[in-house]
Each structure stands twice: as C-alpha cells, then as structure tokens.
Amino acid sequence: MPTGPRASPDKAGDMTLTTAPEVSPIAPGPSARFGIIVRRMMRRPLAVAGVTVILIVVAAAVLAPLISPYSPSDQMFDGLTIEGSPLPPSAKYLLGTDLLGRDLLSRLIYGARTSLIVGVVANGIAVSIGTLIGVTAGFFGGVISALLMRFTDLMMAFPALLLAIVLAALFHPSLWIVAMVIAMVNWVQIARVIYTETRSLAEREFVVAEWSIGAGRIRILFRHILPHLLPTVLVYGTLGIATTVLLEATLSFLGVGVQPPTPSWGNIINENQTYFTTAPWLVFFPGAAIILLALGFNVVGDALREILDPTQKGRY
Amino acid sequence: MATYLVRRLLQSILILIGVSLVTFFLLYIVPADPARQIAGRSATPEVVENVRKELGLDLPFYQRYLRYADHLVRGDLGRSYLQKSRVSELIASRLPATLLLMVGAIFCELTIGLTMGLLAAVWRGSRIDQALMVMSFIGVSAPQFVVGIILLYIFGVYLGWLPIGGYGHFANLILPSVTLGILGAGWYSRMMRSSMIDVLREDYVRTARAKGMAPATVIVRHALPNAILPIVAMIGIDIGYFMSGIVVVESVFGWPGIGQLAWQAIQRVDIPIIMGVTLVSALAIVLGNLLADLITPMIDPRIKLR
C-alpha cells in the first residue's frame, strides 16, 4: 500500500471515531498513518507543547558542545563565593553554579544526553523484549505461552524500583548497567498489553478469514498481527520513555545510577542536595528539567493513545 | 467463591516462591561480595574466607537456596549479616512506620485525586478541566525525590510550617504522605474524571435531574457514590507502587520504615535483609492484587469471579 501522506484524507480518519472501533484487514501504509497522526497532534495544544519540549531537549543533547556556555566539568575560578558556596543565577552563570563551582546550565545541557540515551536505549530494549514475549505468548499459545505469562505474573509481583536499586547498586553502576537494569524491570507492562492485544487480534474476523483461506502462520503474523500492534507499541513506547527518564533520575539521585562526573539530572540533585536550603536552584532547575521531559513524553504518549485508539476517545 | 479463593491463594504462593528464587539468584550473581563487606576492608584473605565458610557462602547455588527456603517455610528470614539480629524482627519493628506512611499516602491520593477528578468532570471541557488535567499529568511526571525535596524546601525551610524530618508526631507524617501520594493522585484524578463522566451520562442521573433535583445534590447523592466505587478497587493495586516509592520517600525524609531498612541494607550488601524486604513487598503486592480482584465483584455484581 504505497500511499502518500495526502492519500488518506483526515476526515476519513475522523469518522472511525464515531463508528465502531474498525480495524481494516490491512493496516494503512506507514506514511499515510504518520500524516494523520501529525495533523491530529497539531490540533492539541498540550501535545504540541509536549513535542516542543522533547525537541528542545533533543536539540540541547545533540548540540551540547556548541550551545553550552562552559564545559560541564570545568571548575570556574570565580565559580564559588569567597566562603566557598555556590553562586546564584547571574548574567555570567545563567542558572548559577554548583557546589564545585561548575556552571549548572552547562551540566544540565550535558545531562540531557544522559537522560535521552538511557531513555531511548533502556526503553528500546524493554519494548523489544516486551513485544517479543507478548506476541509469542499471545499468538502461538500452548506451553510456551503459559510459561511466559506466568513469568510475567511473577515479575509483576516484584517491587520494580526496589529491584532496580538492588541490581544497579550491586553491579558496579554505569550508564549502560543502568539502562539494562531499567529495561529488565520495564518490559513487563508492555508484554502484558501486547499479549492481550495479540489475543484479541487473533480472534478478529479478518484473521479468522485468513486462516480459513489457508494462509500460513508467518504470513498472518507479519501481515496482519504485527502491523496492527504498531499503534500500541508506539503509545506504550512513548509513555515508557517517561517512566525510564524518571527511573534513571531516581537511581542517579540515590547514587546507584549514572556516576559523577558524568552529569545526569538525577546525580546533579544528589551532589548538591546538602546545599538545598541555601542554594535551592541547584535542586529546582534539574528537578524542573526531569519533570518537563517526563511530562513531554507522557503528554505526547497520551495524545497518541487518543489518536490511535478510537475506543478510548473521550474517556480521559 | 471458595474454589476461586483457594486457587488464587495457591497461585500467590507459587508466585512468592518464584520471587524468592529469582531474587536469590540475582543476589547470587551480583559481583558484590558480602563476605568482604563483613570482614572489613583491611581483612586478610583468610579472614574473608572464614567469614564466607561461616555464612555458607561457599556452597553451590542450589544448596544455598534450599537452605534458605527451608528456613523460610518456618517463617525464618535469617539473620542480618552485619547487625546479627533476626531479619523478621528488624522488618517487624520497621513495618508500623511504613504502614502509617501508606495510610497517609492513600488518604492524600484519594482526597486530592478524587476531588480533582470530580471537579474536572463536572466542568468538563472548561479551563478548569484543562488546568486540572495538566496538573494530573505533572503529578505522574514528577519523580518522588524531586517532589519530596521541593516540599521540604517550601514547607520546611522557607515557610517553616512543618518539620524537615523526624518521626512520631502527626506533623511529621504530612510531607512524606503527600510525596508518596502525589503519583497516585495524578492517576486517580484521571480515572475519577472518566468514571464520573460515564456516570453523568447514565439514565438515573438524567431522571434525577428531570425530577428537578438540585444539580449539586444530583452529583453528591447519585453520581458520586457510583463513580467512586470502581476506583476504590484500585487501592489494592497501589500497594505495588507504594512498595517501590517508600525506598525513595523514606530515604528523603529519614522515615524509619522498611524502605529505609532496605536502602541501608543495599549499601552494606546485607543480603538477608534485602531478601526479606523484597519478599515482604512481594507478599504485600500479591495480597493487594488479590484484594482488588475480590472487591471488584462486591462493588459491581455484574462482574463474576472466574
């Protein structure tokens, strides 16, 4: 289905909102879908704001060496007061300096890299594992399905954060260990969602019809099941980045995540928290950065859910 | 009902056995060495080896697990490596503080979340609705340590209304409860809003309005009780989120609960305590989910247990 972005008028897309949750036997081409998503997204001020925040953070992370006013690890000779305390925001150091006299803005800009790398890598792994397990269990059934889903139930009974902290602390924490640990605790939710979704898709008329005309398992899986799972993967993939960003920040705040001197928004707060009564900006600015980025992904993920899943329309 | 309960309880026991096995395995493969930690930094290799033998850390994995499981079925969680006291006693002494914190958090998330959701549903589509929903998004996007530190700064340091830490008075409970409850408040406000919107569309609400009942009375007497019920069942599921949150919240506020106990144990590689807290948390999560599943059909008789 090689359809361009304009091939499917938006109106036709909107009509599915008022009728039953229709799923076409063959999902529209990716470019057509993308066009619809972008146009509907533009109508939601909150989603536009979310996308803007994400783009700003991505730009900051990519262009960090160009836009950051100082090096994130340079201890400025005039970066501390005579008594040795951090400087408040000023024209020279826009967001002030930290306890070692480093420019906070530069550290935040480089910290965006950490958040995004962990967010994308960890969540990418979690979504891949979750989708693989969910589809396998949902589509093939049998003993493998039962085993996989019981294992998923088991993982649901773990206090996720406690498990992540234990693992991150007892392996020697680094950026990649943190990403792996987060992926290990975060795949469970998406596996369950994909499993349920696959099960219900497998019972739909168009799939049953395919079986009846003698289509093979592989064909049904790749041509009918997987394309229809894409919206779910996209929604939970986006929301999952928010969860991942928060988890990375929390682990780094506790000192078991990304290790200094590599700046991460969480470890910046950890390093400076002893100063928070006298220099609250050292907690407020990185805290605001974490909240804004997570908020961006949550808002965009939620908008995607409403756009891609007509049955949920108006419920939230 | 009875067979359902028996089956669910058996499942829960299996899950707990699985959790103990997985946790034990994960703690077995981590590179941190508890024997070295106990013996101290300056200990000679012989001393470290002796400690390892003494604790049975030199045994193969399955022997160690069987030994642990053997104690576990008798309710014995072992002894702390460093404090030498029983893990079950340590947890029991910390549990009341954690339960108190959770009760406070449930109270906060319900009052904040349900009020926000109710107002948003009543003024659906208005500016108030939009503002409330943005707030609920912020609630689910704010990490608990940031919320905790900012609340501490505003109410503890800047305004000076509430104590910065400590335990034992009602005032000590407020900030940790709000911090732990804000995430749930964000979710509840969204659920309450959608639940309330559904209920406001029901025939009996229209009938009540048609009879000429005051709008506020319709909402409080007819809509509210029905909108709240499906949400009450979710409290059991919250326990899982709380069990994760307490580690952070208790360490920010210095709250003497099992979250802090776990955090201290993690830093000292005190494996029996880590095992114990994980198992107690998993037990709480499993029971919470079971509770949620049992409450749902009581609230809505259309739902049958299978």
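Residues numbered from 1 in each chain as written. Chains lettered and ligands numbered in written order. Predicted model: local features only at pLDDT ≥ 70, side-chain atom pairs only at ≥ 80, totals over all residues.

1. Points about the overall build of chain B
Next, step 1: Helices and strands together make up the secondary structure of chain B, namely 13 helices and 0 strands.
Next, step 2: For chain B, the N- to C-terminal ordering of α and β elements is α-α-α-α-α-α-α-α-α-α-α-α-α.
Next, step 3: If you line up chain B on its principal axes, its C-alpha atoms span 85 × 55 × 30 Å.
Next, step 4: Across the 306 residues of chain B, 38% fall into the buried class.
Next, step 5: Sequence separation of 24 or more characterises 71% of the internal contacts of chain B that already satisfy a separation of 6 or more. (Helix = DSSP H or I, 4+ residues; strand = E, 2+ residues; numbered from the N terminus. Buried ≥ 20, exposed ≤ 12 C-beta atoms within 10 Å, placed from the backbone. Contact = placed C-beta atoms within 7 Å.)

2. A look at the overall build of chain A
Next, step 1: Check the secondary structure of chain A and you find 12 helices and 0 strands.
Next, step 2: Taking contacts inside chain A between residues at least 6 apart in sequence as the whole, the part at least 24 apart equals 72%.

3. With respect to the confidence of the model for chain B
Next, step 1: When the pLDDT values of chain B are averaged, the result is 87; 99% of them are 70 or greater.
Next, step 2: Scored by ipTM, the complex comes to 0.88, with pTM at 0.86. (pLDDT = per-residue confidence, 0-100.)

4. Some words on the confidence of the model for chain A
Residues and elements named next belong to chain A.
Next, step 1: Across chain A, pLDDT averages 82, with 87% of residues at or above 70.
Next, step 2: Ranking the elements of chain A by mean pLDDT puts helix 1 (residues 10-18) last with 37 and helix 3 (residues 45-62) first with 93.
Next, step 3: Contacts of residues 1-22 to residues separated by more than four positions or lying in other chains number 29 contacts, the stretch itself having pLDDT below 50.

5. Concerning the environment of B:Leu294
Next, step 1: Mapped onto the elements of the fold, B:Leu294 is located in helix 13 (residues 271-299).
Next, step 2: In the structure, B:Leu294 is positioned 160 residues away from B:Val134 in sequence and 33 Å away in space, judged by C-alpha atoms.

6. Some words on the nonpolar core
Next, step 1: Ranked by internal contacts, the top residues of the largest apolar core, which has 164 residues, are A:Ala164, A:Ile165, A:Ile182 and B:Ala262.
Next, step 2: Ranked by the residues each element gives to this core, the list is headed by helix 12 (residues 281-308) of chain A, at 16 residues.
Next, step 3: Those residues in contact with A:Ala164, other than ones at most four positions away along the chain, are A:Val181, A:Ile182, A:Val185, A:Leu247 and A:Leu251. (Core = buried A, V, L, I, M, F, W, Y, C linked by C-beta atoms within 7 Å.)

7. Overview of the environment of B:Val205
Residue and element names in this part refer to chain B.
Next, step 1: Take Val-205: it is sitting in helix 9 (residues 203-210).
Next, step 2: Accessibility expressed as a C-beta count within 10 Å gives 17 for Val-205, which makes it partly exposed.
Next, step 3: If near-sequence neighbours (up to four positions away) are discounted, Val-205 is found in contact with Val-199, Leu-200, Val-218, His-222 and Ala-223.

8. Considering helix 12 (residues 258-267) of chain B
Side chains that are three or four residues apart share a direction in an α-helix, a result of its 3.6 residues per turn.
Next, step 1: The element helix 12 of chain B is largely enclosed, with a buried count of 8 among its 10 residues.
Next, step 2: The complete set of buried residues in helix 12 of chain B reads B:Ile258, B:Gly259, B:Gln260, B:Leu261, B:Ala262, B:Trp263, B:Ala265 and B:Ile266.
Next, step 3: Its buried side turned inward, helix 12 of chain B meets helix 7 (160-170) of chain A together with helix 5 (87-122), helix 11 (235-253) and helix 13 of chain B.
Next, step 4: Once helix 12 of chain B ends, the next one or two residues include B:Val269, with phi positive near 50°.

9. Considering the packing of helix 12 of chain B against helix 13 of chain B
Residues and elements named next belong to chain B.
Next, step 1: At a minimum axis distance of 9 Å, the contact between helix 12 and helix 13 shows a crossing angle of 145°. Note that helix 12 runs across helix 13; the crossing there is left-handed. Only Ile-273, Ile-274, Val-277 and Val-280 of helix 13 make contact with helix 12, whose side of the interface consists of Ile-258, Leu-261, Ala-262, Ala-265 and Ile-266.
Next, step 2: Taken together, the residues of the contact of helix 12 with helix 13 break down into 9 nonpolar, no polar and no charged. (Axes fitted to C-alpha atoms, helices over the stretch in contact; angles between N-to-C directions. Left-handed = near helix turned anticlockwise from the far one by under 90°. Nonpolar A, V, L, I, M, F, W, Y, C, P; charged D, E, K, R; others polar.)

10. Things to note about the interface of chain B and chain A
Next, step 1: Across the contact, 37 residues belong to chain B and 35 residues belong to chain A.
Next, step 2: Taken together, the elements giving at least two residues each to the side of chain B that touches chain A come down to helix 1 (2-29), helix 6 (127-141), helix 7 (144-158), helix 8 (170-200), helix 11, helix 12 and helix 13 of chain B.
Next, step 3: Counted by class, the side of chain B that touches chain A contains 29 nonpolar, 7 polar and 1 charged residues.

11. Here's the deal with the environment of B:Tyr241
Residues and elements named next belong to chain B.
Next, step 1: Relative to the helices and strands, Tyr-241 resides in helix 11.
Next, step 2: Between the alpha carbons of Tyr-241 and Leu-183 there is a distance of 8.9 Å; along the sequence they are 58 residues apart.
Next, step 3: Among residues more than four places away in sequence, those in contact with Tyr-241 are Leu-183 and Gly-184.

12. Some thoughts on unusual backbone geometry
Next, step 1: The omega angle of the peptide bond from A:Pro260 to A:Pro261 is 10°, so this bond is cis rather than trans.
Next, step 2: Within the secondary structure, A:Pro261 is located in the loop between helix 10 (217-254) and helix 11 (265-272).
Next, step 3: Positive phi, close to 50°, is recorded for B:Val269, a residue that is not glycine.
Next, step 4: Secondary-structure assignment places B:Val269 in the loop between helix 12 and helix 13.

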